[in-house]
Amino acid sequence: MTNLPLPVIGGAGGIVYVPTMLPTGYTTDQTVFADNYSAQIQVAKPLFLGFRLANALKIRELNLQLARQKLVDQEQAIKASVILNYYNLLLLQENIRLSQKLSESLKKRYNFMVENYKAGLVSDYDVLKVEVQYKNTLPSIQRLKTTYNTAQEQFSQLVGFDATPVGNLLDATNMTLSQTNAEELLKKVLSNNVNLMQIRVSRAIQEYTYKIQMADRLPTVNSFFTVKYDYRLEKSGENERKWIPAWTIGISVSVPIDEWLPFSKNSAALEETRRSQEKTDIALQTLQDQLELQVRSLLAQVSDQMQAMEVQVLNMRQAQRGLDMANDRYQKGYISSLEVTDAETSYSQAQVNYLQTIYDYVSSVLKLKQLLYEL
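Residues numbered from 1 in each chain as written. Predicted model: local features only at pLDDT ≥ 70, side-chain atom pairs only at ≥ 80, totals over all residues. Heavy atoms only, no water.

**A short note on a nonpolar patch on the surface**
For clarity, the cut-off: Think of a patch as exposed residues, more than 30% relative accessible area, with no salt bridge, where like charges cluster within 9 Å and nonpolar side chains (Val, Leu, Ile, Met, Phe, Trp, Tyr) cluster within 5 Å. We get accessible surface area from the Shrake-Rupley algorithm with a probe of 1.4 Å; when it comes to residues, only the shown protein chains can shield them. Salt bridges are defined by distance alone: a side-chain nitrogen of Lys or Arg within 4 Å of a carboxyl oxygen of Asp or Glu. The helix and strand labels rest on DSSP assignments: H or I over at least four residues marks a helix, E over at least two residues marks a strand, and numbering proceeds from the N terminus.
Taken together, the side chains of L4, L6, V8, V16 and V18 present a nonpolar region at the surface, about 340 Å² in accessible area. Of all the elements in the fold, those that place two or more residues in the nonpolar patch are β1 (2-7) and β2 (15-20). Structurally, the position occupied by V16 is in strand β2.

Set out below in structure tokens:
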């Protein structure tokens, strides 16, 4: 086809080019439609993404810090468990020793009363009373031994090998706190407690998450470099197509619009994060109040148990003095052997109460030391 110039009749006149078929063999310099091909490679580098990567990195750092603190907390818990179980075994050993000692003494007194009964010196009631006191100690000793064996197996499993504690429960009274000021203790506990730290980390993560969500509303800036090859005619009038190279370098800026709408998905996510922050703040304050109450309660218990140990020492000295007086009066014939038995039982019970008070003191101190990370 070719364009044939024809004059316009009428009006302003002029020339109009009308496409016209040519016979075979003729050529034309007019462009025609053809299949075109293109190949393109683009390299892009983000320049600004609204601080998404920086905030995501801070979240990972917080999680790592929390994991380390959990490891330290677990170590403190294991140490506290080992120490408490160790002193529990020593307490059981002492209780068994005292119970056996009292049982042996009551057995001797029972045999003595039987001989006196045969001699007509005491009544059968006196013999029965001593017998009941003696035989009541046997089940107690058996229970203590069973409890000790179970506790020893648990202790061996805890430390990882067969272990029999060797020591004196009285040494536990040397365990003291590095400081007893309630405000200083509370300050240290609140800074170290792993549960508090976990809530604080969750609160910080929520803050960074909020910033990441807000980044969806900020413009993003990207740089790019593009190399492109087009398979086409390079110039008008050419008959053969070829690959034509081209390159582009530039910076693109994208500004979101939908994310700023009040009913958008991003707006809902931001509102949800704000509500989660408020909930976390309440949980943090609640746990702080609970820890403060726990610390003050443990300090009060430690103080009470220290005073109780002093009182139990006096009770034990009083019971020992009463036993000495009962033995002396019995030898002089002023009292019966039953009163000596009662005095001996009272002295044994006073010893047991003293040892139990020491164990309670150790338990309270260990809980505070665990909270302070001082084990």
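**Re the layout of surface pockets**
The line we're drawing: Only protein atoms enter the 1 Å grid, on which a cavity is a set of points fitting a 1.4 Å probe that cannot get out and a pocket is an open set with protein on both sides within 12 Å along at least 5 of 7 lines, lining residues being those with an atom within 4 Å of a point. Grid points are joined across faces, edges and corners, and a volume is the space filled by probe spheres set on the points. Amino acids outside the nonpolar list (Ala, Val, Leu, Ile, Met, Phe, Trp, Tyr, Cys, Pro) and the charged list (Asp, Glu, Lys, Arg) are all regarded as polar, and Gly is one of them.
Empty space within the second largest pocket amounts to approximately 260 Å³. Every residue lining the second largest pocket is counted, 14 residues in all, and those nearest its centre are S99, L102, S140, Q349 and V352. Broken down by element, the lining of the second largest pocket gets its largest block of residues, 6 residues, from helix α2 (residues 124-159). Of the residues belonging to the lining of the second largest pocket, the class tally is 5 nonpolar, 9 polar and no charged.

**A few points about the side chain of Q351**
Test applied: Residue contacts follow a heavy-atom distance rule, with two residues in contact if any of their heavy atoms lie within 4.5 Å.
In this fold, Q351 is placed in helix α6 (residues 337-372). When sequence neighbours within four positions are dropped, the list of residues in contact with Q351 reads L98 and M316.

**Details of helix α5 (residues 265-331)**
For clarity, the cut-off: For a helix, the expected span equals 1.5 Å multiplied by the number of residues minus one.
If you check α5, its first and last C-alpha atoms are 95 Å apart, about what 67 residues at 1.5 Å a residue would give, namely 99 Å. Among the residues trailing α5, G333 stands out with phi positive, at a value near 85°.

**A look at the packing of helix α4 (residues 194-215) against α5**
Angle between the axes and distance between the axes: these two values describe a pair of packed helices. Using the following cut-off: Note on method: axes are straight lines fitted to C-alpha atoms, helices fitted across the in-contact stretch only, with angles between N-to-C directions ranging 0 to 180 degrees. Comment on the angle field: the value is read as roughly parallel under 35 degrees, roughly antiparallel over 145, roughly perpendicular from 65 to 115, and oblique elsewhere. Less than a right angle of anticlockwise turn of the near helix away from the far helix marks a crossing as left-handed, whereas a clockwise turn marks it as right-handed.
Running from N to C, α4 and α5 point in directions that differ by 165°, and their axes come no closer than 9 Å. On the basis of their axis angle, the class for α4 and α5 is roughly antiparallel. For the crossing formed where α4 meets α5, the hand is left-handed. The class makeup of the residues in the contact of α4 with α5 is 10 nonpolar, 9 polar and 5 charged.

**Notes on the environment of R232**
Stated precisely, the cut-off is as follows: The buried label applies to any residue whose accessible area, calculated with a 1.4 Å probe on protein chains only, is under 20% of its type's maximum; exposed applies above 50%, and partly exposed to all values in between.
On the secondary structure map, R232 appears in strand β4 (residues 220-232). Classification of R232 by relative accessible area gives partly exposed; the value is 34%. Along the backbone, R232 and W243 are 11 residues apart, and their C-alpha atoms lie at a distance of 6.5 Å.

**Here's the deal with the side chain of T357**
Counting through the fold element by element, T357 comes out in helix α6. For T357, the contacting residues outside a window of four places in its chain are Q305, A308, M309 and Q312.

**Side note on the pattern of salt bridges**
When charged atoms on two side chains of opposite charge get close, those side chains can pair. The tally for this structure, following the rule as stated, stands at 7 salt bridges. Here R97 and E94 are joined by a salt bridge, their closest N and O atoms 2.9 Å apart. On the criterion of helical spacing, the pair formed by R97 and E94 is a turn pair, its members being 3 residues apart in helix α1 (residues 52-118). Linked by salt bridges that have partners in common, E183, E292 and R296 make up one network.

**Topic: the confidence of the model for the protein chain**
Basically, it comes down to this: Each residue carries a pLDDT score, the predictor's confidence in it, ranging from 0 to 100.
Confidence in the prediction for the protein chain averages 80 pLDDT; 93% of positions are at 70 or higher. Taken element by element, the predicted model of the protein chain shows its lowest mean pLDDT in β1 (75) and its highest in α2 (86).

**A few points about the packing of aromatic side chains**
Keep this limit in mind: Aromatic rings from Phe, Tyr and Trp, with only the six-membered ring used for Trp, were paired whenever their centres fell within 6.5 Å, and each pair was classed as stacked if the ring planes differed by under 30 degrees, edge-to-face if by over 60, and tilted otherwise.
Per the stated rule, a full pass over the model turns up 4 aromatic pairs. Ring centres 5.3 Å apart and planes at 75° place the aromatic pair Y86 and Y87 in the edge-to-face group. For Y87, a relative accessible area of 12% gives the class buried.

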